[in-house]
Amino acid sequence: MDIILKYFPGITDHQKEQFAQLQELYSVWNAQINVISRKDIETLYERHVLHSLGIAKVHQFAPGSKILDVGTGGGFPGIPLAILFPDSSFHLVDSIGKKIKVVNEVSTAIGLTNLTSQHERAEKVKGKYDFVVSRAVTRMKPFIQWIHNKFEDRSINSIDNGILYLKGGDLDEELNETKRPYQLNELSNFFEEEFFETKKVVYMPF
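Note that the structure is predicted; figures quoted are calculated from it, not measured.

K.L.:
Please clarify how the packing of helix α2 (residues 13–32) against helix α5 (residues 97–109) should be interpreted in this entry.
P.N.:
When two helices pack together, their arrangement is given by the angle between the helix axes and the distance between those axes. One can describe the packing of α2 onto α5 by two numbers: an axis separation of 10 Å at closest approach and a directional angle of 145°. In the packing of α2 onto α5, the handedness of the crossing is right-handed. Residues Q21, L22, L25, Y26 and W29 of α2 touch α5, and the partners they reach there are K101, V102, E105, V106 and A109. In the contact of α2 with α5, the residues fall into seven nonpolar, one polar and two charged.

What follows is the structure in structure tokens.
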């Protein structure tokens, strides 16, 4: 939990309480439904919570923003972002129902009121959003095909609506095949831990 306060010292007491509950909740639920690798439970705050919040170092969602989290798994990056941005709404989707069960149980336990979830394939999700977030569910080209028609026409944020995608490694070839403009943001510029050396946030406007 200290690692969250290290990089987000301005969070409220309520947000601290919500973040603090995540370790026990994910430990309990992960024992029943495996959504995080067993070894990663011990580094939950660094490798899952803080990693998810890397998106917030790249862009701060304006109040009233609507964000779709595709392939959320057990709730990453959607749940940490929903805690950090209580004035934005988050819709978390995954094609595996038991993972959405974990999302529902965790979000209910910590009292998140700005989060909804759905057991569905991304391409079948209805609605329009300001941003689509995700954490390395597939290559970018097929990902774009899933969500290209899910963006609001109007923008209420300081950057254009688009994708904010957490991914690691050398991404130039993968991103260039999309033939779309993009911006690469190195998480090592924001977080000093070794885990983040190769981690990035890809921003792709739509």
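K.L.:
I'm lost on the layout of surface pockets in this one. Help?
P.N.:
To find leftover empty space, one rolls a probe the size of a water molecule over the atoms. The computed volume of the largest pocket comes to approximately 340 Å³. Along the wall of the largest pocket there are 21 residues; nearest its centre are G71, T72, G73, D94 and V137. Of the residues contributing to the lining of the largest pocket, the split by class is eight nonpolar, seven polar and six charged.

K.L.:
Just checking my understanding: could you explain the side chain of K150 for this structure?
P.N.:
Residue placement: K150 occurs in the loop between α6 (140–147) and β5 (162–168). Despite being buried, K150 has no salt bridge partner; E123 is the closest side chain of opposite charge, sitting 7.3 Å away. Looking at K150, its side chain comes within polar contact range of the main-chain oxygen of E123, at 3.4 Å. Not counting residues within four places of it along the chain, the set of residues in contact with K150 comprises L68, A122, E123, V125, G127, K128 and Y129.

Parameters and conventions
Residues numbered from 1 in each chain as written. Predicted model: local features only at pLDDT ≥ 70, side-chain atom pairs only at ≥ 80, totals over all residues. Heavy atoms only, no water. Axes fitted to C-alpha atoms, helices over the stretch in contact; angles between N-to-C directions. Helix = DSSP H or I, 4+ residues; strand = E, 2+ residues; numbered from the N terminus. Left-handed = near helix turned anticlockwise from the far one by under 90°. Contact = heavy atoms within 4.5 Å. Nonpolar A, V, L, I, M, F, W, Y, C, P; charged D, E, K, R; others polar. 1 Å grid on protein atoms, 1.4 Å probe; cavity = no way out; pocket = protein on both sides within 12 Å on 5 of 7 lines; lining within 4 Å. Points joined across faces, edges and corners; volume = space filled by probe spheres on them. Buried < 20%, exposed > 50% of the residue type's maximum accessible area, 1.4 Å probe, protein only. Lys, Arg positive; Asp, Glu negative; His and termini not counted. Salt bridge = Lys/Arg side-chain N within 4 Å of Asp/Glu carboxyl O. Polar contact = N/O pair within 3.5 Å; in protein donor to acceptor, adjacent residues only side chain to side chain.

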